[in-house]
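# Working through the structure, step by step
Okay, here's what each chain looks like letter by letter:
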2 protein chains.
Amino acid sequence: MDVIDTYVENQQQRFLEDLIAWLRIPSISTLPSHRPHIEEAARWLRDHLHALGFQAEIIPTEGHPLVYAEHGKDQGKPTVLMYGHYDVQPPDPLEKWRTPPFEPVIEEGYVYARGASDDKGQALIPIHATETLLRTSGALPVHVKVLVEGEEEIGSPNIGSSLRAHREMLKADVALVCDTAMFAKDLPTLVTGLRGLLYTEVEVEGASRDLHSGQYGGAAPNPLNALAKILSGLVNRKGRVTIPGFYTRVKPPAPEERRMWASLPFREDAYLQELGVDAAPGEEGFTVLERRWVRPTLDVHGISGGFTGEGIKTVIPARATAKISMRLVPDQDPEEIARRFARKVHRLAPPGVRVQVRVLASGRPVVVDPAHPALRAAARALEETFRRPPVLIREGGSIPVVSHFQEILGIPSVLMGFGLPDDNLHAPNERFSLANFYSGIRAVARFLLHLAEVLPR
Amino acid sequence: MDVIDTYVENQQQRFLEDLIAWLRIPSISTLPSHRPHIEEAARWLRDHLHALGFQAEIIPTEGHPLVYAEHGKDQGKPTVLMYGHYDVQPPDPLEKWRTPPFEPVIEEGYVYARGASDDKGQALIPIHATETLLRTSGALPVHVKVLVEGEEEIGSPNIGSSLRAHREMLKADVALVCDTAMFAKDLPTLVTGLRGLLYTEVEVEGASRDLHSGQYGGAAPNPLNALAKILSGLVNRKGRVTIPGFYTRVKPPAPEERRMWASLPFREDAYLQELGVDAAPGEEGFTVLERRWVRPTLDVHGISGGFTGEGIKTVIPARATAKISMRLVPDQDPEEIARRFARKVHRLAPPGVRVQVRVLASGRPVVVDPAHPALRAAARALEETFRRPPVLIREGGSIPVVSHFQEILGIPSVLMGFGLPDDNLHAPNERFSLANFYSGIRAVARFLLHLAEVLPR
């Protein structure tokens, strides 16, 4: 054991207590009623960073505020920008939680709470790692900047303008993002690509008022029937999205990526069992991992309108709305796809209804070059901590900020995450492995040391 | 003016006050929380009938109670069974009401309230008519039985067993049902056919938990996408229901019915304008009226599952449910169609999901013979009151009890209703024309007189 391992071991309990205190704050970004908790979570982090010796501040945006902090300013050192998010998903369906989502519970090596893995537990890792280096060596090998946002779960609508507004302040050589998962338990993982997101809302209007289906059924537009036609027409029997031009810019993965992925410990039968299904439908001609990582998709998230209460109501609703998102892959462009999507939706709409398409959020897909020195520093740190070299994979989820780092700040991101595939992200009983929490802190501390060696000063 | 007209004119204000008192009780049958109001509405009616000299009682069922009353028992007179319902639809969407749904308001000749037209206003008509005959002649020309139920808006699940249990008590020569609309203002109308109803719920299950669409999108079943496929597959581009055998037992209307309907004051452009749409999609090859009256249809009423709140949530829900109903026409059989529907739904389900189909309510379609003496008595009463012969039409809605009267009690029903097409049934701002309320009372009083003349004693 070196000084890093020893320090982390000695501080385990307190590191965990910090996390628990933060998890208790229900900072749900999508619900306006939770705005006070958003602010409380931001303040908690600023105060924590301040206590560590950071220059820390809360930066307002048009939405939820950013927490920003710096430590170790020294013109001679490379700069790393550490990103995380303090906002969380809503906990619904609440009744499916075994313990309350905002009362963290430790059970069999996991902490259970909304946000445990996504992303408060992970966002604290680089901060605890910085503390570890400060307390064990008295100084930081790199110039550390911390940026933690409060709108990741709603598609980071203001992160782009914030990065542009504070471009000089945020200047860095590389970003570190702890918001991804390891491919499997004990298998250290670097993510070299993320899917993008286009999240839309399609509103269908029929008659100017709700109608009785007895009186009018058969001779009036039904917005729910119309939505079913539209949604059904967006994906064909082979799992292909039918929007014209949707696949034009899609890049296939490199042959060596496909080979590495084929050797990963992935069994489709175990995957089906984990999901509790007998088939994992998707685009024909691709493996499950390819479909999740490098193929675009389209999912419906919810449909409102009409009557969904107990019992029956024979209503033809005046309007109905569907939330639909597409996951995008390099080099699909969200704006272009949004235009193509809207055109297709209008074309699919049956007679008698009026259709509106709104874009609620979007983020570009990302690829990171595995040969970048920062990626190699990260691989070395992971190997030293986990005693095996990391696997390089892609992720199906979207972290909009990563593409903004590339485009606005011109820097690549190291996606070194410590979640596990069964952390129940966005679902009831979200959890985070404590072993990964502590290993993550050790690995990131080493990454910062190696970064200082490989990056040009 | 005869004694009937005079009495009704003198009692207008009090007849209306009775109605308003009843409308104030929010007797929503589909919401369990409203059970006390259901009981209050039943008690109100029983007490009102009792005060008129009826033998009146509340009869419990497995669901909401029936109100039953008798007057004028005399073995020598024909018996009429007057039916109505005291339950109402939920008022949602509440925010669309200009005045609160359970605080009746009189405006420009209409009373506005949930249940005004469907059916409290209409259910009171034969009762006020009975009062009119009693007070003007001191006796009733027929033996009157009153049956008012509290479950019509939830598909009358217990009316069949109640009719069977009280077959002897309910014995009658004919039923009178005031729960339909006139074809147009000032156009007295008899309805000679009703569509039936099959109301179902289709539940689709995917993974055993909610999934993150980033992590899993493209390689996991999405119950909402699956529902869209199922719902979309149930009706084809020509507006035909695709369930095999769905149309096998459908009877075309008689040529004279089609001729009479073609001469009705109906303009498709005015219909479209009234609905606020530019097309009234439906089955190809049939007129709007035919599609509403004698063609079966399929409508989606609501879809639950996933996220429908403000903002975005990238969830693939573990399950989703749709409420779907079919309107049936003679001689479709609800049980047979339910079996065929379930088979088709299972066949349309994409791989990876499990599907359950539940029947929530059903009622048979009905036709009444226009040559029946009671129909002729009704036509005469309407002509005397409105100064023009009634039109004979069909109705698209379902009144399950009418088919039960035919099958269980062996009696036909006279469907003499006084609603108007723009009464906003099942929608915000439901209303009932006061002119029709009073004319209805006069017409039904005359109908009872003529019934005594034409029916065998």
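Residues numbered from 1 in each chain as written. Chains lettered and ligands numbered in written order. Predicted model: local features only at pLDDT ≥ 70, side-chain atom pairs only at ≥ 80, totals over all residues.

Attention now goes to the overall build of chain A. In terms of regular secondary structure, chain A is built from 13 helices and 18 strands. The C-alpha atoms of chain A give 23 Å as radius of gyration, which agrees with the globular expectation for 457 residues (23 Å, within 12%). With the principal axes as the frame, chain A shows a C-alpha extent of 80 × 50 × 45 Å. Relative to its full complement of 457 residues, chain A shows a buried share of 60%. Of the contacts made within chain A by residues no fewer than 6 positions apart, 79% connect residues no fewer than 24 positions apart. (Helix = DSSP H or I, 4+ residues; strand = E, 2+ residues; numbered from the N terminus. Rg over C-alpha atoms; globule rule 2.2 N^0.38 Å. Buried ≥ 20, exposed ≤ 12 C-beta atoms within 10 Å, placed from the backbone. Contact = placed C-beta atoms within 7 Å.)

All names here are of chain A. Its location among the elements puts Leu-328 in strand E13 (residues 319-328). A sequence separation of 33 residues divides Leu-328 from Arg-295, and the C-alpha atoms of the two residues are 7.4 Å apart. Each residue touching Leu-328, except ones within four places of it in the same chain, is listed here: Arg-195, Gly-196, Leu-197, Leu-198, Pro-296, Pro-334, Ile-337 and Pro-365.

Looking now at the sheet that holds strand E5 (residues 110-112) of chain B. Residue and element names in this part refer to chain B. Pairing is antiparallel in the open sheet, where three strands are placed in the order E4-E5-E18. Single-partner strands in this sheet number two, and they are strand E4 (105-107) and strand E18 (431-433). In this sheet, neighbouring strand axes are inclined to one another by 25° on average, regardless of whether the strands run parallel or antiparallel. Contacts from helix H3 (residues 116-137) reach E5 and E18 within the one sheet, and its direction differs from that of E18 by about 45°. Sheet strands in contact with helix H14 (residues 434-454) are E5 and E18, and its direction is about 55° off that of E18. (Pairing = 2+ DSSP bridges. Axes fitted to C-alpha atoms, helices over the stretch in contact; angles between N-to-C directions.)

The next thing to look at is the domain arrangement of chain A. When the parts of a complex come together, some accessible area is lost, and that lost area is often used as the size of the interface. Residue and element names in this part refer to chain A. Along its sequence, chain A is organised into domain 1 (3-194 + 365-454) and domain 2 (198-250 + 296-362). Computed over C-alpha atoms only, the centres of domain 1 and domain 2 are separated by 35 Å. When the residues that make up the side of domain 1 that touches domain 2 are grouped by side-chain class, the tally is four nonpolar, four polar and no charged. (Domains from an automatic or database assignment. Nonpolar A, V, L, I, M, F, W, Y, C, P; charged D, E, K, R; others polar.)

Turning our attention to the sheet that holds strand E11 (residues 297-304) of chain A. By definition, the strands of a sheet pair up through backbone hydrogen bonds, in either a parallel or an antiparallel sense. Residue and element names in this part refer to chain A. As summarised here, the arrangement of the four strands in space is E11-E13-E9-E14, forming an open sheet in which the pairing is antiparallel. The sheet terminates laterally at E11 and strand E14 (354-363), the two strands that pair on one side only. Here the average twist between neighbouring strands, direction ignored, is 20°. Bridging between strand E9 (residues 196-205) and E13 involves 10 bridges; their strand directions are antiparallel. If you follow Leu-197 over to E13, its bridge partner there is Arg-327. Strand contacts of helix H6 (residues 223-233): E9, E11 and E13, with the helix running at about 15° to E13, the strand carrying the most contacts.

What follows is about H6(A). An α-helical turn contains 3.6 residues, so a residue and the one three or four places further along point in the same direction. With respect to burial, H6(A) is a largely interior element, 10 of its 11 residues being buried. Of all the positions in H6(A), only Pro223(A), Leu224(A), Asn225(A), Ala226(A), Leu227(A), Ala228(A), Lys229(A), Ile230(A), Leu231(A) and Ser232(A) are classed as buried.

Turning our eyes to something else, we now look at helix H13 (residues 400-409) of chain B. All names here are of chain B. The element H13 is largely enclosed, with a buried count of seven among its 10 residues. The set of residues buried in H13 consists of Pro-400, Val-401, Val-402, Ser-403, His-404, Phe-405 and Leu-409. Phi turns positive one or two residues past the end of H13, at Gly-410, with a value near 70°.

Between chain A and chain B, the residue contacts involve 76 residues of the former and 77 residues of the latter. Within the residue set of the side of chain A that touches chain B, elements represented by two or more residues are strand E10 (211-212), helix H5 (213-216), H6, helix H9 (288-293), E11, strand E12 (315-316), E13 and E14 of chain A. With seven residues, the single largest contributor to the side of chain A that touches chain B is E11(A). Considered class by class, the residues forming the side of chain A that touches chain B number 31 nonpolar, 31 polar and 14 charged.

For the match of chain A to chain B, the screw axis carries a shift of 0.0 Å, the RMSD comes to 0.0 Å, and the turn is 180°. Overall, the copies show the geometry of a two-fold rotation axis. Relative to the rotation axis, the closest C-alpha in chain A is found at Ala228(A), a distance of 2.2 Å. The share of interface residues of chain A whose copies in chain B are also at the interface is 100%, consistent with both copies meeting through the same surface. (Least-squares fit on C-alpha atoms with pLDDT ≥ 70 in both.)

To continue, consider the environment of Leu140(A). Residues and elements named next belong to chain A. With respect to the element layout, Leu-140 can be found in the loop between helix H3 (116-137) and strand E6 (143-149). Separated by 89 residues in the primary sequence, Leu-140 and Lys-229 have C-alpha atoms spaced 59 Å apart. The residues contacting Leu-140, other than those within four sequence positions of it, are His-71, Gly-72, Thr-130, Leu-133 and Leu-134.

What follows is about the pairing of strand E8 (residues 189-194) of chain B. Residues and elements named next belong to chain B. Along E8, six of the six residues are buried, which leaves the element largely enclosed by surrounding structure. Pairing of E8 with strand E16 (residues 391-395) involves four bridges; the strand directions are parallel. Opposite Leu-194, over in E16, you have Glu-395 as the bridge partner. Both E8 and strand E15 (residues 366-367) contribute to a ladder of two bridges, which runs antiparallel. Residue pairing in the sheet places Leu-194 in a bridge with Val-366 of E15.

The next subject is the pairing of strand E11 (residues 297-304) of chain B. Residue and element names in this part refer to chain B. Taken across its eight residues, E11 has eight buried, putting it largely inside the fold. Note: E11 against strand E13 (residues 319-328), seven bridges, orientation antiparallel. Along E13, the bridge assignment pairs Leu-298 with Met-326.

Omega for the peptide link from Asp92(A) to Pro93(A) comes to -5°, which places this bond in the cis form. By secondary structure assignment, the location of Pro93(A) is in the loop between strand E3 (79-85) and strand E4 (105-107). Residue Asp331(B) follows Pro330(B) across a cis peptide bond; omega there is 0°. For Asp331(B), the location among the structural elements is in the loop between E13 and helix H11 (334-348). Here the phi dihedral of Ser156(A) falls at roughly 50°; this positive angle occurs in a residue that is not glycine. Take Ser156(A): it is sitting in the loop between E6 and helix H4 (159-165). If you check the backbone angles, Asp186(A) has positive phi at about 65° while not being a glycine.

Attention now goes to the packing of H3(A) against helix H13 (residues 434-454) of chain A. All names here are of chain A. With their axes 8 Å apart at the nearest point, H3 and H13 run at an angle of 55° to one another. When the axis of H3 is compared with that of H13, the two are oblique. Our pair here, H3 against H13, has a crossing hand that is right-handed. For the pair H3 and H13, contact is made by Gly-121, Ile-125, Pro-126, His-128, Ala-129, Thr-132 and Leu-133 and by Phe-437, Gly-440, Ile-441, Val-444, Ala-445 and Leu-448, respectively. Here the contact of H3 with H13 is composed, by residue class, of nine nonpolar, four polar and no charged. (Parallel < 35°, antiparallel > 145°, perpendicular 65-115°, else oblique. Left-handed = near helix turned anticlockwise from the far one by under 90°.)

Attention now moves to the environment of Arg376(B). Tracing the sequence through the fold places Arg376(B) in helix H12 (residues 373-386). What makes Arg376(B) partly exposed here is the crowd of 16 C-beta atoms within 10 Å.

A separate point is the packing of helix H1 (residues 3-23) of chain B against H3(B). To characterise two packed helices, one gives the angle between the axes of the helices and the distance between these axes. Residue and element names in this part refer to chain B. Look at H1 against H3: their axes get within 9 Å of each other, and the N-to-C directions meet at 140°. Put simply, H1 runs oblique to H3. Along this stretch, H1 crosses H3, giving a crossing that reads as right-handed. Between H1, through Val-3, Ile-4, Tyr-7, Val-8, Phe-15, Asp-18, Leu-19, Trp-22 and Leu-23, and H3, the contact on the second element is made entirely by Ala-116, Lys-120, Gly-121, Leu-124, His-128, Thr-132, Arg-135 and Thr-136. Here the residues of the contact of H1 with H3 sort into 10 nonpolar, four polar and three charged.

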